[in-house]
Amino acid sequence: MDIMKIHNLVKQYAKVRAVDGVSFGVRQGVCFGLLGPNGAGKTTTLEIVEGIISQTSGEVLYKGKPRTRDFAQEAGIQFQSTALLSFLTVRETLATFARLYKNPMDLDKLIELCQMEDILERFNDKISGGQKQRLLLALALVNDPELVFLDEPTTGLDPQARRNVWNIVRTIKAQGKTVVLTTHYMEEAEKLCDEIAIMDQGAIIAQGSPADLLLEHGKGVLASLPASSFTIDPMTLADKKIRVRQKGDNIQLQTKDIKGCLEKLLQAGVDLHSITVRSPNLEDLFLDLTGRRLRE
Ligand SMILES: Nc1ncnc2c1ncn2[C@@H]1O[C@H](COP(=O)(O)OP(=O)(O)OP(=O)(O)O)[C@@H](O)[C@H]1O
């Protein structure tokens, strides 16, 4: 069952059409990701779905109906940044937010879930970026929501702090909650999301599970070699089955026929010592669909 259904959403600012006819459904219990580069319209879409801003046109349904006041009690929202009162400790902040809701989560459970034991007595302005991100996540979960919105939950975090957030997201998903997140990290989308909508310039350009998207759009495998491995012009190897691209100091060959491709490289006398071969990922998929990288 779709817990949320979004139909033909449009958000027009004076000169910018930030969201241009976006439709998707979010099934209960999944992690749904909006993936796209800066300015794609992810935050605007999310804020409309959360009920923070209104759409120019289009429809948002929660459990099959327009949202009511109950939506705010049942949904949890983590913003990209939230101003916190500097004279409150982390524990006081959690307790203050918990009082805003009819059915808050047990605070001890929340503290354990978000690994906040060590920082409870610290003032909000005396915690690190990664700790603040965890606090914002805890605040999004304080009402024990069925549906959790996370706007770029790991932007700016170091790899360890990012993994900590991923683990929390996995735990809340294992509890049957639905998660909707935005990200411009394809690795995050691949690791966390059951379904992804790839956004670009206000529109969804591809949608599905990461595996299905790669199966549907991913074209074969990618072989990469230093340009110095070639004694011929690498572009002369391009044919119907092999696509050749220069990527910095490397030459990338994309093919569905890796055997034929390797034979062709050997016949051309290319030095294969430094070759790497891998499957395409969502970053490659985005490049294929738009001609641009996710993060320029
Ligand atoms: N309040 C606003 N007024 C005018 N234009 C806006 C406003 N908010 C967003 N935009 C524009 O709408 C487009 C989409 O912005 P949005 O923040 O939704 O993108 P995003 O995909 O979330 O990007 P990021 O990853 O950088 O957060 C951008 O061109 C942005 O400049």
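Residues numbered from 1 in each chain as written. Predicted model: local features only at pLDDT ≥ 70, side-chain atom pairs only at ≥ 80, totals over all residues. Heavy atoms only, no water.

### Examining empty space enclosed by the protein
What counts, and what does not: Here a cavity denotes a set of grid points, spaced 1 Å apart and computed over the protein atoms alone, in which a 1.4 Å probe fits but from which it cannot get out, and a pocket denotes an open set meeting protein on both sides within 12 Å along at least five of seven lines; residues with an atom within 4 Å of a point are reported as lining. Grid points are joined across faces, edges and corners, and a volume is the space filled by probe spheres set on the points. The secondary structure listing takes helices from DSSP runs of H or I that are at least 4 residues long and strands from runs of E that are at least 2 residues long, numbered from the N terminus. All amino acids are sorted into three groups, where Ala, Val, Leu, Ile, Met, Phe, Trp, Tyr, Cys and Pro are nonpolar, Asp, Glu, Lys and Arg are charged, and the leftover types, Gly among them, are polar.
For the structure on display, the rule yields 1 cavity of 30 Å³ or more. Taken as a whole, the largest cavity spans an internal volume of roughly 30 Å³. Taken together, Leu222, Arg245, Gln252, Gln254, Asp284, Leu287 and Asp288 form the lining of the largest cavity. Of all the secondary-structure elements, those providing two or more residues to the lining of the largest cavity are β13 (250-255) and α10 (282-290). Here the element with the most residues in the lining of the largest cavity is α10; it accounts for 3 residues. Classifying every residue of the lining of the largest cavity by side-chain character gives 2 nonpolar, 2 polar and 3 charged.

### Comments concerning the pairing of strand β12 (residues 242-247)
The criterion, for reference: Pairing between strands requires that DSSP locate at least two bridges from one strand to the other.
As paired elements, β12 and β13 share 6 bridges and run antiparallel to each other. Paired with Arg245 across the two strands is Gln252, which belongs to β13. Counted along the chain from β12 to the antiparallel partner β13, the turn is 2 residues long, and its residue Gly248 has a positive phi close to 60°.

### Here we look at unusual backbone geometry
Rule in force here: Burial here depends on accessible area, computed with a 1.4 Å probe over protein chains only, as a share of the maximum for the residue type. Under 20% is buried, over 50% is exposed, and the range in between is partly exposed.
In this structure, Glu152 is a non-glycine residue whose phi angle is positive, near 45°. We classify Glu152 as buried; its relative accessible area is 8%.

### As for the sheet that holds strand β4 (residues 57-62)
Adjacent strands of a sheet pair through backbone hydrogen bonds, lying either parallel or antiparallel. Defined as follows: Any two residues having at least one pair of non-hydrogen atoms within 4.5 Å are treated as being in contact. Lines are fitted to the C-alpha atoms to define the axes, a helix being fitted only along its stretch in contact, and any angle between axes, read from their N-to-C directions, falls within 0 to 180 degrees.
Taken together, 4 strands build an open sheet; the order of strands is β2-β1-β4-β5 and the sheet is antiparallel. The open sheet terminates on both sides in strands that have one partner only, identified here as β2 (17-27) and β5 (65-66). Across 2 bridges, β4 lies against β5 in antiparallel orientation. Within the sheet, the bridge partner assigned to Tyr62 lies in β5 and is Lys65. In the packing of helix α1 (residues 42-50) onto the sheet, the strands contacted are β1 (2-12), β2 and β4, and the crossing angle to β1 comes to about 120°.

### Concerning the sheet that holds strand β9 (residues 195-200)
On the basis of which strands lie adjacent, the open sheet formed by 6 strands has the order β6-β7-β8-β3-β9-β10 and mixed pairing. Sheet topology places β6 (75-78) and β10 (203-208) at the edges, where each strand pairs with a single neighbour. The average undirected angle you get between the axes of adjacent strands in this sheet is 15°. Two strands pair when backbone bridges link them, and strand β3 (residues 31-35) and strand β8 (residues 178-183) are joined in this way by 5 bridges, in the parallel orientation. In the strand pairing of β8, Leu34 is matched with Thr182. Strands β3, β6, β7 (147-151), β8 and β9 of the sheet are contacted by α1, whose axis makes an angle of about 150° with β7. Along the sheet, helix α8 (residues 210-217) contacts β9 and β10; its crossing angle with β10, the most-contacted strand, is approximately 105°.

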